[in-house]
Amino acid sequence: MPETILQWLSLVGIIWLQSINGTNSNFPAYSSQLKHLLSISQIQLNNLAFASDAGKLFGWLSGIAAEYLPIWLVLIIGSALGLIGYGVQYLFLIGRISNLSYGLIFFHTILAGNSICWINTVCYIVTIRNFPLERQLATGLTGSYLGLSAKIYTDIVDVVFLSSPVKSARAYLFLSSVLPFTVSVIAAPVVGVINVGKTKRSKAAFILILVITTATGVFAVMGSLGSASSWLSPSASAVGMIALLLAPLLIPLGQQIRQLIVARLKGLNREEKVYIEENVSMEKMERGVKERESISETRDISFELSFSESISELDELSESGDDNISETKEISVIEEIGVKLMLRRLNFWLYFFVYLFGVTLGLVFSNNLGQIAESRGCSASVLVSLSSSFGFFGRLIPSLVDYFFSRKKYMISRTAFVVALMAPTGGAFFLLVNTTNLSLYISTAIIGVCTGAITSISVSLTTELFGTKIFGVNHNVVVVNIPIRSFLFGYLAALIYRKEGNADGKCFGMECYRKTFILWGTLCFLGTSLALILYARTRKFYNSQKS
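As a starting point, this report considers the structure included with it. Just so it is clear, the structure is predicted and the values come from calculations on it, not from any experiment.

Some words on the overall build of the chain
The number of helices and strands found in the chain is 24 helices and 0 strands. Taken across its 547 residues, the chain has 54% of its residues classed as buried. Sequence separation of at least 24 residues holds for 85% of the intrachain contacts in the chain that already meet a minimum separation of 6. When the accessible surface of the chain is totalled, it reaches about 23,500 Å², and 64% of it is carbon and sulfur.

Laid out in structure tokens, this is it:
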């Protein structure tokens, strides 16, 4: 199979993997039921949320494994960890495993959280190496589908277990266990690093996939809104989402059809050339006239030139497949360093705490959506679906911006982009102090968009700050802050929740999270200040990328 088609098939496979890899985002949808079924306190429940993120403490193992093992094997190992981690918890909830201690549940939650790192590492490495010229666009597009995971799982659960909250909680765990492993087995043959040689800038194909991705996001958001969900049934929503996830296959399929047409046209031109040459040769033998022979040679030379130009054009069409192409340049980075040197750089620690006070706070908020919704009398599934859908668009925004700036031969400053996203995130946390449900929905959407966008930018930012050679290890070190914030910020939120709650450990009203929201907003603005410092330190590098 041509390398260009394999390249795009790998992108389709990564889209599918990312779509189902956000299993930790399902936690708020079943956390209240899990708390009830296990008879645990809010602090113990927060510890389970921490355990899911604590798996990222060992995410660097996937980066090392990717350096020595085949990519497909790394993918299978990662999905198998999730199969075991979530599978054991599911079997416990349905009674197939008895006397499973809280400590063992905690361990298997760590195992399940670690599986996400393995699949993410595979997706990022394959995308960056297969599309080096379009790495931000490609990683942003594929990473945006990670924000849809909660929406996809919710659609499936709503179709099968709509009427039973207990069965819904079990269904989330079952799907979190089985679905990533199944998709990984299906995608493993096509998800790999392709030796594409001279990489081309693929304009038409990326425009098409941008359209498909945007349509998928619009459909997801519409399905998350109450007014839309009233006329869109759960079955229709699930079928529509599956169809949109299959739509990216149109790109490699279209390229395969085009190459077959090009090959057929080449064959027809060669047959025509042979036929004409035979006729000209017969004329030479029969007539034997020098003047006629001279004319025939002239015609033959003319045909050769015309045919060569035609074949040359067809070859270029077959190789590029797009209207505009350009040769690959080396990926621009500030420096190419390993983990030891990275940990000694001030840029790393600025980046680390910006991530801690930005993306990680947004993820803490997402983990607590179940209890936040319960305390304010809202539907947890609506908030989770809303956060997921807007998070999808947030992850997509950097790709759109990068695409339009790249057409003007300008490299956008990732650090400036982060500053522009951190500020509204902090404002959204303070908006949550408002008592209306509208402010809750607006804040959830803003936090989802901004958190998703910074997450998408971070892949390219890690590459530009510290290089590409051991990206898998470097980026997993950066995201180590996720379990740190889950423990610190989540534990503090749980303490405030318990203090404001009743004797049964439940809390209702604004006071449950008011102090927490104020603290998170303050920390987020602190992160904005650190992001400004990082921008000032990297401004010279991004200015030098203008061409």
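Things to note about the pattern of salt bridges
Tallied over the full model, the rule gives 3 salt bridges. Residue Arg 345 is joined to Glu 335 by a salt bridge in which the shortest nitrogen-to-oxygen separation is 2.9 Å. Residue Arg 345 is found in the loop between helix H15 (339-342) and helix H16 (346-356), and its partner Glu 335 is found in the loop between helix H14 (290-320) and H15; the two are separated by 10 residues along the sequence. The shortest N-O distance in the salt bridge between Arg 414 and Glu 464 comes to 2.9 Å. Of this pair, Arg 414 sits in helix H20 (residues 414-431) while Glu 464 sits in helix H21 (residues 437-466), and the two are 50 residues apart along the sequence. The two residues Arg 414 and Glu 464 agree in class, both being buried.

Some remarks on the packing of aromatic side chains
With the rule as written, the count across this model stands at 21 aromatic pairs. Taking 5.8 Å as the distance between ring centres and 40° as the angle between the ring planes, the aromatic pair formed by Phe 348 and Phe 352 counts as tilted. Here the residue Phe 348 and the residue Phe 352 both occupy positions in helix H16, the gap between them amounting to 4 residues, near one helical turn. The same class applies to Phe 348 and to Phe 352, which are both buried. With centroids separated by 6.2 Å and ring planes inclined at 35°, the aromatic side chains of Phe 353 and Phe 357 adopt a geometry described as tilted. A residue is classified by how much of its surface remains accessible, and Phe 353, at 32% relative accessible area, is partly exposed. An aromatic cluster is defined as three or more aromatic residues linked by ring pairs; in this entry it consists of Phe 348, Trp 349, Tyr 351, Phe 352, Phe 353, Tyr 355, Phe 357, Phe 466 and Phe 489.

Quick look at the nonpolar core
Formed by 60 residues in total, the largest nonpolar core has its most connected members in Tyr 351, Phe 365, Phe 429, Phe 489, Phe 517 and Trp 520. If sequence neighbours within four positions are ignored, Phe 489 has contacts with Leu 356, Phe 357, Leu 361, Val 364, Trp 520 and Leu 523. Core analysis: the next-biggest nonpolar cluster, separate from the first, contains 25 residues, Ala 66, Ile 125, Leu 175 and Val 183 among them.

Re the side chain of Ser 237
Position of Ser 237 among the secondary structure elements: in helix H12 (residues 234-246). Taking the relative accessible area as the measure of exposure, Ser 237 reaches 5% and is therefore buried. In contact with Ser 237, not counting residues within four places along its chain, are Lys 151, Asp 155, Phe 219 and Leu 232.

Conventions adopted
Residues numbered from 1 in each chain as written. Predicted model: local features only at pLDDT ≥ 70, side-chain atom pairs only at ≥ 80, totals over all residues. Heavy atoms only, no water. Helix = DSSP H or I, 4+ residues; strand = E, 2+ residues; numbered from the N terminus. Buried < 20%, exposed > 50% of the residue type's maximum accessible area, 1.4 Å probe, protein only. Contact = heavy atoms within 4.5 Å. Areas by Shrake-Rupley, 256 points an atom, 1.4 Å probe, with all protein chains shown as cover. Salt bridge = Lys/Arg side-chain N within 4 Å of Asp/Glu carboxyl O. Phe/Tyr/Trp six-rings, centres within 6.5 Å; stacked < 30°, edge-to-face > 60°. Core = buried A, V, L, I, M, F, W, Y, C linked by side-chain atoms within 4.5 Å.

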